[in-house]
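Analysis of the macromolecular model
In case you want the letters, here they are:
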Amino acid sequence: MHYHRLGKTNLYLSVFSLGTMRYLASPENAVATVRQAVALGINHLETARGYGKSEEYLGAALREMPARREHLYITTKIPPTQDAGEMSRCIDESLDRLGVEWVDCLAIHGINTPQHLEWVLAADGCMQAVQQAVADGKVRHVGFSTHGPLEVILAAINSDLFEFVNLHYYYFFQRNAPAVELAHQKDMGVLIISPADKGGQLYTPPATLEQLCHPFSPLALNYRFLLSDPRVTTLSLGAANPEELEWPLSVADQDEPLMPAEIEVFKRLETHALTALGTDKCSQCYACLPCPENINIPEVLRLRNLAVAYEMSEYGKYRYAMFENAGHWFPGMKGSRCTECGDCLPRCPEQLNIPALLQDAHQRLKGPEGRRLWG
Ligand code: SF4
Ligand code: SF4
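Throughout what follows, the structure given in this document is the object of discussion. (Residues numbered from 1 in each chain as written. Chains lettered and ligands numbered in written order. Predicted model: local features only at pLDDT ≥ 70, side-chain atom pairs only at ≥ 80, totals over all residues. Heavy atoms only, no water.)

1. Regarding the overall build of the protein chain
Helix and strand counts for the protein chain come out as 14 helices and 10 strands. On C-alpha atoms alone, the protein chain measures out to a radius of gyration of 21 Å, which is about the 21 Å that the 2.2 N^0.38 rule sets for 375 residues. Across its three principal directions, the C-alpha atoms of the protein chain cover 60 × 50 × 40 Å. Contacts in the protein chain between residues far apart in sequence, at least 24 positions, make up 74% of those at least 6 positions apart. By element, 51% of the accessible surface of the protein chain is carried by carbon and sulfur atoms, the whole surface being about 15800 Å². Positive and negative side-chain charges of the protein chain, numbering 33 and 44 respectively, have mean locations separated by a distance of 2 Å. (Helix = DSSP H or I, 4+ residues; strand = E, 2+ residues; numbered from the N terminus. Rg over C-alpha atoms; globule rule 2.2 N^0.38 Å. Contact = heavy atoms within 4.5 Å. Areas by Shrake-Rupley, 256 points an atom, 1.4 Å probe, with all protein chains shown as cover. Lys, Arg positive; Asp, Glu negative; His and termini not counted. Charge placed at Lys NZ, Arg CZ, Asp CG, Glu CD.)

2. A few points about the sheet that holds strand β4 (residues 44-46)
Taken in spatial order, the eight strands close into a barrel running β3-β4-β5-β6-β7-β8-β9-β10, and their pairing is parallel. Between one strand and the next, the sheet's axes are offset by a mean angle of 30 degrees, whatever the strand orientation. Looking at chain direction, strand β8 (residues 164-167) and strand β9 (residues 189-192) are connected through four bridges and run parallel. Residue pairing in the sheet places valine 165 in a bridge with valine 190 of β9. (Pairing = 2+ DSSP bridges. Axes fitted to C-alpha atoms, helices over the stretch in contact; angles between N-to-C directions.)

3. A word on the site of ligand 2
In the neighbourhood of ligand 2, 14 residues make up the surrounding shell, with Cys282, Cys285, Tyr286, Cys288 and Cys348 lying closest. Counted by class, the shell around ligand 2 contains 11 nonpolar, two polar and one charged residues. (Near = heavy atom within 4 Å. Nonpolar A, V, L, I, M, F, W, Y, C, P; charged D, E, K, R; others polar.)

4. With respect to the site of ligand 1
Residues in close proximity to ligand 1 total 13 residues, the closest being Cys291, Cys338, Cys341, Gly342 and Cys344. Here the residues of the shell around ligand 1 sort into eight nonpolar, two polar and three charged.

5. Topic: the side chain of glutamate 163
Mapped onto the secondary structure, glutamate 163 falls in the loop between α6 (150-158) and β8. For the buried glutamate 163, no salt bridge is present, and the opposite-charge side chain at shortest range is lysine 8, 7.0 Å distant. A distance of 2.9 Å separates polar atoms of two side chains, one belonging to glutamate 163 and the other to histidine 141. In contact with glutamate 163, not counting residues within four places along its chain, are Leu6, Lys8, Thr9, Arg140, His141, Val142, Gly143, Asp187, Met188 and Gly189. (Buried < 20%, exposed > 50% of the residue type's maximum accessible area, 1.4 Å probe, protein only. Salt bridge = Lys/Arg side-chain N within 4 Å of Asp/Glu carboxyl O. Polar contact = N/O pair within 3.5 Å; in protein donor to acceptor, adjacent residues only side chain to side chain.)

6. Regarding the environment of glutamate 55
Positionally, glutamate 55 belongs in helix α2 (residues 54-64). Through-space distance from the C-alpha of glutamate 55 to that of methionine 322 is 26 Å; in sequence the pair is 267 residues apart. Apart from residues lying up to four places away in sequence, glutamate 55 is in contact with Thr47, Ala48, Arg49, Thr76, Ser94, Arg97 and Leu98. For glutamate 55, the side chain forms a polar contact with the side chain of arginine 97, separated by 2.8 Å.

7. What to know about the pattern of salt bridges
If you walk through the whole model with that rule in mind, you get 21 salt bridges. Measuring nitrogen to oxygen at the nearest pair gives 4.0 Å for the salt bridge that ties glutamate 256 to arginine 224. Here glutamate 256, found in the loop between α10 (246-250) and α11 (260-277), pairs with arginine 224, found in helix α9 (residues 218-227); they are 32 residues apart in sequence, far enough to count as distant. Among the residues examined, glutamate 256 registers a relative accessible area of 34% and is labelled partly exposed. Given the relative accessible area of 3%, arginine 224 is considered buried. Among the charged side chains, a network of salt bridges with common partners joins Asp280, Arg304, Asp360 and Arg364.

8. Re the packing of α6 against helix α7 (residues 177-185)
The relative placement of two packed helices is expressed as an angle between their axes plus a distance between the axes. α7 packs onto α6 with a crossing angle of 5 degrees between their chain directions and a minimal axis gap of 9 Å. Considering their axes alone, α6 and α7 lie roughly parallel with respect to each other. Contacts from Leu150, Ile153, Leu154, Ile157 and Asn158 in α6 reach Pro178, Ala179, Leu182 and Ala183 in α7. In terms of residue class, the contact of α6 with α7 is made up of eight nonpolar, one polar and no charged. (Parallel < 35°, antiparallel > 145°, perpendicular 65-115°, else oblique.)

9. Quick notes on α7
Among the residues of α7, Ala179, Val180, Leu182 and Ala183 are the ones counted as buried. The buried residues of α7 occupy an angular sector of 165 degrees when the element is viewed end-on, so they sit on one face. Each element contacted by the buried residues of α7 is listed here: α6, β8 and β9. Directly beyond the C-terminal end of α7, a positive phi value near 60 degrees is found at aspartate 187. (Arc of directions from axis to C-beta.)

10. A word on the packing of aromatic side chains
Evaluated as defined, the whole model comprises 12 aromatic pairs. On the basis of an interplanar angle of 40 degrees and a centroid distance of 5.7 Å, the ring pair of tyrosine 169 and phenylalanine 225 is categorised as tilted. Here tyrosine 169, found in the loop between β8 and α7, pairs with phenylalanine 225, found in helix α9; they are 56 residues apart in sequence, far enough to count as distant. The same class applies to tyrosine 169 and to phenylalanine 225, which are both buried. Ring plane angle 80 degrees and centroid distance 5.6 Å describe the contact between tyrosine 320 and phenylalanine 323, whose orientation is recorded as edge-to-face. Overall, the relative accessible area of 1% leaves tyrosine 320 in the buried class. Exposure remark for phenylalanine 323: the relative accessible area of 0% places this residue in the buried category. An aromatic cluster of at least three residues, connected via ring pairs, comprises Tyr169, Tyr171, Phe172, Phe225, Phe266 and Tyr310. Cation over ring: arginine 140 sits above tryptophan 102, and NZ or CZ is 3.5 Å from the ring centre. (Phe/Tyr/Trp six-rings, centres within 6.5 Å; stacked < 30°, edge-to-face > 60°. Lys NZ or Arg CZ within 6 Å of the ring centre and 35° of its normal.)

See below:
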């Protein structure tokens, strides 16, 4: 296992972190998963107030290995609150559930909207309680996680209130690249949310994608894309049981620069997408927004890009089902809501027929409604 510096916190975290949102089958399973993660070299355990019994189970696991605590780093996450008192109560409840006096890192869980950021920045908002918790020794380092738009992420980073950020960034989703760079410039740690699942459900890749990535696996390539980036500190691994840790951690030491053979495969993927999508390829410039119907045009068309180019339709359906069902965690309406008003058309540098492509995306990706694992 390799360890990377979490920016200005000066903590050295394992390049994979255990995300504890899926180990909840039983307390025994949670403890066994934590034990195995630690045995394999993971020193960063990440939980959240919103993950059901996750904090409680993690507390039980920590009590089973008390001598290890000084070598382990614990992060919990609490949603932003408008009121400092509420945040203060939430921090104390998390510490109680974990059974600890302090945590290494506290992240504001989901600065997803401008309003969340306002709550953070307000003089009597939740950061007042967080900073008091730091002064009281209950929290050592403060960061935030986000599923929000790039503009909100950049503004949160520029607030200079945070030492690390936990965000979405993958080979198949590079919209947040400027946030990764800005965080790096500010010496903040960068944690990547769930590269295997949110990064493309790459543990069950379609045949076309597998063939294009040969001799590598799509998941290994995505891990290498991230591990080879010196700005990235650690990747979250949401293992449901000890067995799910084994394969990912077999690549945990591979953080050297990309090899020519890997760069070649990334070029092949790009060339194939250009050929398959032709003049319908959405370049992900985001110039088309805003849409009066609140359709997240670039994200709908990103999912279409992936479905058409790489047969990633199952991943596309999984994510598309979240529109209209996951609030600020996955905002925007489905493509079928397009009224063909035409507002977006002059803004698209690719001159795409956006209404037609949205309808096509809807036909390809519609299915049962989805929801987040944890709200
Ligand atoms: S044409 Fe459709 S996608 Fe474009 S702005 Fe109008 S409603 Fe939104
Ligand atoms: S403006 Fe066109 S190319 Fe850019 S994100 Fe929107 S649809 Fe895609």
